[in-house]
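Here is what each chain is made of, one letter per residue.
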Amino acid sequence: MTQTNPAQNDIVLRLQNITKRFGALTANNDISFDLRRGEVLALLGENGAGKTTLMNILFGHYTADEGSIDLFGAPLPPGQPSIALASGLGMVHQHFTLAENLSVLDNITLGTRPLISLSSNQRTARKKLAILSEDYGLAVDPDAKISALSVGEKQRVEILKALYRDAKILILDEPTAVLTPQEAEALFATLSKATERGLSVIFISHKLHEVLAISDRIAVLRHGVLVGQEATADMDEAQIIQMMVGAEVTLPSPPKATPGAPLLALDRVTTRAAANQTGLQNANLILRAGQITGLAGVSGNGQSALADLISGLIAPESGDLTFSESKPDHWSPRTALAAGIGRIPEDRHKTGTVADFSLTENTILETYREAPLSKRGWMNWRAARKTTEEIIERYDVRCPGPSTAIRQLSGGNMQKLILGRVLEATPKIILANQPVRGLDIGAVTYVQNRLIQARDAGAAILLISEDLDEILSLSDVIHVMSKGRLSPEFERGTMNKSQLGRWMAGHGFGEQNAA
């Protein structure tokens with residue numbers, strides 16, 4: 001963006017010498033920066049660099065050990081989210097803060113009226129929500145229960161919840177992690193108009209092309225320290241990465257695969273549709289040893305059903321599922337694990353880990369019955385801790401230790417532990433469902449290289465991703481999913497983004513049926 005209004009240079013937020021410690025860990029160390037009216041400031045750094053901690057201090061969820069915050073020229077009282085909210089701060093968290101049992105409309109309006117109020121102007125609220133949804137391209141059913149929404153739809157509600165409160169400063173923590181490129185572009189276009197009217201934005205993202213497109217200025221944290229601030233116009237992706245990591249990073253580019261035998265096959269499989277999940281429709285799929293099969297598609301088009309099927313959570317309603325050329329008599333999560341299927345789930349918080357369990361407990365969730373972790377029904381906690389320590393070291397999981405509750409880890413470090421848990425079990429088939437969602441460039445490179453190594457060691461990998469760049473760069477063959485249907489298999493290099501986009505929109509399926 002290019003600022004043209006001199007009034008937009010007014011400072012609306014000032015952080016001075018912010019320091020925050022968690023025991024021996026210094027999450028933020030003497031951080032100072034300003035935010036101007038109508039400006040988009042990109043706050044960047046690796047997972048665990050201190051970005052989310054700093055924003056939680058700003059919003060009042062944490063209290064800084066040292067330093068101060070001025071908001072619109074007045075001191076902001078620490079540790080009081082209600083005052084931050086009333087002062088014009090809005091925050092869209094990386095991880096959802098929604099009431100699952102309430103509707104979309106109730107979640108968005110929650111806290112905007114007194115609890116003693118016996119009624120609310122539902123018509124006015126619905127009208128305002130409809131306008132916001134239309135303006136920001138964030139369509140969602142106001143009467144739907146949060147528990148019935150997909151991950152992408154929940155993120156839309158989080159954004160709308162902040163916008164509904166007429167925020168003057170909007171903190172966006174990975175807002176596009178679960179949005180399609182088209183949805184992200186629509187959001188950015190609206191944010192551009194909003195900043196022209198004076199909205200200020202702190203934008204936290206690991207998608208550097210988005211940072212370069214949307215921001216005016218870039219501030220980079222590394223290990224809790226502000227290492228630099230630069231005008232976005234003076235930066236490119238390589239310079240940003242160098243500042244974030246302290247070294248050059250090269251994204252993986254896997255060599256051509258040598259696929260082996262089919263390890264799992266679907267033949268005209270149909271699954272029952274659930275309340276919040278599109279079922280599969282006559283799906284055909286082959287996962288081969290030593291090959292990465294990429295699956296592209298817009299969120300909510302049946303990817304969850306396919307992932308649940310392969311994980312053993314659901315069974316085919318019709319059609320055949322075969323594993324190593326044999327049909328299992330009973331298909332369940334335990335059967336899938338015993339068959340050698342490793343699962344990197346879409347939601348590392350809800351289905352990948354147990355928040356209050358330690359790293360050790362989360363490491364052994366799927367292997368606690370096996371030797372050397374279990375003997376005659378007794379857990380060998382010494383062996384479990386040793387296994388966890390080895391994963392922490394091999395996969396560079398940055399944490400205080402194996403006894404740490406996993407909820408205290410950053411998203412990237414949590415993902416590394418899940419990756420280690422899966423890969424150390426040497427699975428025959430790996431279900432990698434959005435494996436790098438919300439991760440920084442260093443963590444992305446690490447996870448993708450590990451998947452390539454697993455492929456080269458003979459594993460069959462199903463890579464489910466809404467990031468077309470990831471699909472095109474890593475996949476040996478590609479399928480597209482739309483409304484529960486699977487496209488034919490496309491070899492790497494035979495399709496571009498535009499062509500995949502047509503299939504994602506369902507156009508290719510119509511042409512295929514006509515042929």
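Our subject is the structure listed above.
Residues numbered from 1 in each chain as written. Predicted model: local features only at pLDDT ≥ 70, side-chain atom pairs only at ≥ 80, totals over all residues. Heavy atoms only, no water.

**Quick word on the packing of helix α13 (residues 411-423) against helix α14 (residues 441-456)**
The description of two helices packed together rests on the angle between their axes and the distance between the axes. Which entries qualify depends on this criterion: Comment: axis = line fitted to C-alpha atoms, over the contacting stretch for helices; angle = value between 0 and 180 degrees taken between N-to-C directions. Strands are runs of DSSP state E lasting at least 2 residues, helices are runs of H or I lasting at least 4, and numbering of each runs from the N terminus. Throughout this description, any angle smaller than 35 degrees is read as roughly parallel, any larger than 145 degrees as roughly antiparallel, any in the 65 to 115 degree range as roughly perpendicular, and the remainder as oblique. Two residues qualify as a contact provided that any one of their heavy atoms is within 4.5 Å of a heavy atom in the partner residue.
Running from amino to carboxyl end, α13 crosses α14 at an angle of 10°, the nearest separation of the two axes being 11 Å. Classed by the angle they form, the pair α13 and α14 counts as roughly parallel. Touching Lys416, Leu419 and Leu423 of α13 are Ala443, Tyr446, Val447, Arg450, Leu451 and Ala454, all from α14.

**Some details on the sheet that holds strand β11 (residues 262-270)**
In plain terms, the rule: One requirement defines pairing of two strands: DSSP has to find at least two bridges between them.
The antiparallel open sheet is built from three strands, whose spatial order is β12-β11-β14. Both edges of this open sheet fall to β12 (283-288) and β14 (318-323), since each of them pairs with a single strand only. Strand-to-strand twist across the sheet, computed as the mean angle between neighbouring axes with direction ignored, equals 5°. As paired elements, β11 and β14 share five bridges and run antiparallel to each other. Across the sheet, Ala265 pairs through a bridge with Thr322, a residue of β14. Against the sheet, helix α9 (residues 303-311) engages β11, β12 and β14, with an angle of about 125° to β11.

**Quick word on the packing of aromatic side chains**
Threshold: Ring pairs are drawn from Phe, Tyr and Trp, using the six-membered ring of Trp, whenever the two centres fall within 6.5 Å, and their geometry is named by plane angle: stacked under 30 degrees, edge-to-face over 60, tilted for the rest. Accessibility here uses a 1.4 Å probe with only protein chains present; expressed as a share of the type maximum, an area under 20% marks a residue as buried, one over 50% as exposed, and anything in between as partly exposed. Definition used: whenever NZ (Lys) or CZ (Arg) falls within 6 Å of the ring centre and also within 35 degrees of the ring normal, the charge is taken to sit over that ring.
The final tally for this structure, using the stated rule, is four aromatic pairs. Taken together, a centroid distance of 5.4 Å and an interplanar angle of 75° make the contact between Phe22 and Tyr62 edge-to-face. You can see Phe22 sitting in strand β1 (residues 11-22) and its partner Tyr62 sitting in the loop between α1 (51-59) and β4 (66-71), a full 40 residues away along the chain. We classify Phe22 as partly exposed; its relative accessible area is 36%. The side chain of Arg450 reaches across the aromatic face of Tyr395, ending 4.2 Å from its centre.

**Quick word on the sheet that holds β4**
Across the sheet, four strands lie side by side as β2-β1-β4-β5; this open sheet has antiparallel pairing. Two strands bound the open sheet, and with one partner strand each, they are β2 (25-36) and β5 (74-75). Relative to β4, β1 runs antiparallel, the two being bridged by five bridges. Bridging across to β4, Gln16 finds its partner in Ser68.

**Regarding unusual backbone geometry**
For Asp30, which is not glycine, the phi torsion reads 55° and is therefore positive. As for its placement among the helices and strands, Asp30 is situated in strand β2. Residue classification places Asp30 among the partly exposed positions, given a relative accessible area of 46%. In this model, Arg268 sits at a positive phi of 55°, which is unusual for a non-glycine residue. The class for Arg268 is exposed, based on a relative accessible area of 53%.

**Side note on α14**
Filter applied, for reference: Helix span, as expected, comes to 1.5 Å for every residue beyond the first.
Compared with the 22 Å implied by 1.5 Å per residue over 16 residues, the 22 Å span of α14 between its first and last C-alpha is a close match. Along α14, the residues classified as buried are Ile441, Ala443, Val444, Thr445, Val447, Gln448, Leu451, Ile452, Ala454 and Arg455. Of the residues trailing α14, Gly458 is marked for its positive phi of about 115°.

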